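# Architecture at a glance
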Amino acid sequence: MENPLGTLRTPKDLIAAGLAAPAALAALEAVAARYAVAVPSPLARTILTAGAPLVRQFVPDARELDVHPAERADPIGDARHSPVKGIVHRYPDRVLLMPTLTCAVYCRFCFRRETVGSSEAMSPADLDAALGYIRNTPAIWEVILTGGDPLVLSPRRIGALIAALDTIDHVKVIRIHSRVPVADPARIDDTLVAALKTTRKALYVAVHCNHATELTPEVIAGCARMADAGIPLLSQSVLLASVNDTADALENLFRALAAARIKPYYLHQLDYAPGTSHFRVPLEQGLALVRALRGRVSGLALPTYMLDIPGGAGKVPAGEYLSPEGDGTFIVRDPQGNPHAYPPAP
Ligand SMILES: *Cc1c(COP(=O)(O)O)cnc(C)c1O
Ligand code: SF4
């Protein structure tokens, strides 16, 4: 074991934990040589209980090495919109700030799978430069901490980062996107929650969660510690084949989130990251699922179905911005109204 909590980091670890078949060793090692692997031990137990919907999300699969022609290393064009290291500035009023590229768990469908997994956090000089960019750009109203996963940083470092953002007057909102509440809920302890406390800014936490079985009692308790401290919670989910691509699975997920005081915010169409074809749900099917839920599920529990235009033109609600071309291709309009082709699911 490499750390006290015990994180599975190799195909051998996964096999020893019963998450993969011994016969799959060579195939899984080929995947692990290409993409980061980590599963915290408590999550491994949840995966064993929940079965397929969680195995698919977290256990490597040989199909990750099959790359479809529409898939790209930087599917949503982060690099094109990065003015300084660690910042993505695509929309005038908000930036992404990525203080680390480490995650607690590596999701097998991750849209940043080509960049996450490096164990390096930003150097103090790079972080200063990124904060300087935010400080010198008055249009930035919101800072979204993402990565990687900002909540793998120590409470001391997170607290210092939030304190630095607190001193920038034009920043009114801090948003943290994290998989840690699901992947490693024990990290969301009183010390971490205290580090998130800010009196000068509104701070939101957006929890990445794709299946109701991810919301174990421990996960719900970790989220409750944040909610009880006055932190509004949102969710982000990704529509994934054989994980949550039925109306029942989505209904159960969104109801469980809302009941845990987590407002479903976005349901994302899967981006075209390399080796993720086996997770892709056709847009027509996603649109039909979202239609099926409207009316059946409280509006409080319904997120917006979003897609990110390949190459970096931005995110738009899938339902309103699309027109079908008939062959599975869609024309999607970016926030400025310019048309882009959206490729059909393989
Ligand atoms: C997704 C994203 C955001 C946040 O978008 P919202 O619609 O405000 O949730 C901000 N910046 C970038 C670069 C993004 O990709
Ligand atoms: S936690 Fe987020 S960034 Fe990390 S692997 Fe999962 S989807 Fe990617």
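We now turn to the structure provided with this report. Here the structure is a predicted model, which is why all the values come from computation and not from measurement. (Residues numbered from 1 in each chain as written. Chains lettered and ligands numbered in written order. Predicted model: local features only at pLDDT ≥ 70, side-chain atom pairs only at ≥ 80, totals over all residues. Heavy atoms only, no water.)

Scanning the chain from terminus to terminus reveals 11 helices and 14 strands. Its C-alpha radius of gyration of 19 Å places the chain within 12% of the 20 Å reference for a compact globule of 346 residues. Along the three orthogonal principal directions, the C-alpha set of the chain runs to about 50 × 50 × 40 Å. The contacts in the chain between residues at least 6 apart in sequence include a share of 74% that link residues at least 24 apart. Looking at the chain as shown, the accessible area adds up to about 14,400 Å², and 56% of this sits on carbon and sulfur atoms. Within the chain, the 34 negative side-chain charges are centred at a point lying 3 Å from the centre of the 34 positive side-chain charges. (Helix = DSSP H or I, 4+ residues; strand = E, 2+ residues; numbered from the N terminus. Rg over C-alpha atoms; globule rule 2.2 N^0.38 Å. Contact = heavy atoms within 4.5 Å. Areas by Shrake-Rupley, 256 points an atom, 1.4 Å probe, with all protein chains shown as cover. Lys, Arg positive; Asp, Glu negative; His and termini not counted. Charge placed at Lys NZ, Arg CZ, Asp CG, Glu CD.)

On to the site of ligand 2, then. Within the structure, ligand 2 sits among Cys103, Val105, Tyr106, Cys107, Cys110, Val116, Arg179 and His208. Here the residues of the shell around ligand 2 sort into 6 nonpolar, 1 polar and 1 charged. (Near = heavy atom within 4 Å. Nonpolar A, V, L, I, M, F, W, Y, C, P; charged D, E, K, R; others polar.)

Further remarks concern the packing of helix α5 (residues 124–135) against helix α6 (residues 155–166). Packing of α5 against α6 brings their axes to within 11 Å, and their N-to-C directions diverge by 30 degrees. What the angle tells us is that α5 and α6 run roughly parallel. Judged by the twist between their axes, the crossing of α5 over α6 is right-handed. The segment α5 lies against α6, with Leu127, Leu131 and Ile134 engaging Leu161, Ala164 and Leu165. Of the residues assigned to the contact of α5 with α6, the class counts are 6 nonpolar, no polar and no charged. (Axes fitted to C-alpha atoms, helices over the stretch in contact; angles between N-to-C directions. Parallel < 35°, antiparallel > 145°, perpendicular 65-115°, else oblique. Left-handed = near helix turned anticlockwise from the far one by under 90°.)

Turning our attention to the packing of aromatic side chains. Under the criterion given, the structure shown has 3 aromatic pairs. When the ring of phenylalanine 109 is compared with that of phenylalanine 279, the centres are 5.6 Å apart and the planes differ by 75 degrees; the resulting orientation is edge-to-face. Here phenylalanine 109, found in the loop between β4 (94–97) and α5, pairs with phenylalanine 279, found in the loop between β9 (262–268) and α11 (283–293); they are 170 residues apart in sequence, far enough to count as distant. Residue phenylalanine 109 is classed as buried on the basis of its relative accessible area of 3%. The buried category is assigned to phenylalanine 279, whose relative accessible area is 1%. Where tyrosine 265 meets tyrosine 266, the ring centres are 3.8 Å apart and the plane angle is 15 degrees; that geometry is what we call stacked. Look at tyrosine 265 and you get partly exposed, because its relative accessible area is 23%. The class for tyrosine 266 is buried, based on a relative accessible area of 16%. In this arrangement the basic side chain of arginine 94 is found over the ring face of tyrosine 91, its NZ or CZ atom lying 4.1 Å from the centre. Cation over ring: arginine 280 sits above tyrosine 272, and NZ or CZ is 4.0 Å from the ring centre. (Phe/Tyr/Trp six-rings, centres within 6.5 Å; stacked < 30°, edge-to-face > 60°. Buried < 20%, exposed > 50% of the residue type's maximum accessible area, 1.4 Å probe, protein only. Lys NZ or Arg CZ within 6 Å of the ring centre and 35° of its normal.)

Following glycine 147, the chain continues into glycine 148 via a peptide bond in cis, with omega recorded as 15 degrees. Tracing the backbone shows glycine 148 in the loop between β5 (142–145) and α6. Although it is not a glycine, serine 242 sits at a positive phi angle of roughly 60 degrees. Structurally, the position occupied by serine 242 is in the loop between β8 (233–238) and α10 (247–259). Since its relative accessible area comes to 46%, serine 242 is described here as partly exposed. Backbone geometry places arginine 261, a non-glycine residue, at a positive phi of 65 degrees. Note that arginine 261 resides in the loop between α10 and β9.

Let us now look at the nonpolar core. Counting residues in hydrophobic clusters, the biggest one holds 94 residues, and the most contacted among them are Leu97, Ile134 and Leu196. Apart from the residues within four sequence positions on either side, leucine 97 is in contact with Gly86, Ile87, Met122, Leu127, Ala130, Leu131, Ile134, Val143, Ile144, Leu145, Thr146 and Leu161. Cys103, Tyr106, Cys110 and Val116 belong to the second-largest nonpolar core, a separate cluster that totals 5 residues. (Core = buried A, V, L, I, M, F, W, Y, C linked by side-chain atoms within 4.5 Å.)

Another aspect to go through is the pattern of salt bridges. Under the defined criterion, the tally for this structure stands at 18 salt bridges. Close ionic contact of arginine 179 with glutamate 214 constitutes a salt bridge, the shortest N to O distance being 2.7 Å. Here glutamate 214 lies in the loop between β7 (202–208) and α9 (217–228) and arginine 179 lies in the loop between β6 (173–178) and α7 (180–183), a separation of 35 residues in the sequence. Its relative accessible area of 6% is what places arginine 179 among the buried residues. Overlapping salt bridges bring together Asp248, Glu251, Arg255 and Arg296 as one network. (Salt bridge = Lys/Arg side-chain N within 4 Å of Asp/Glu carboxyl O.)

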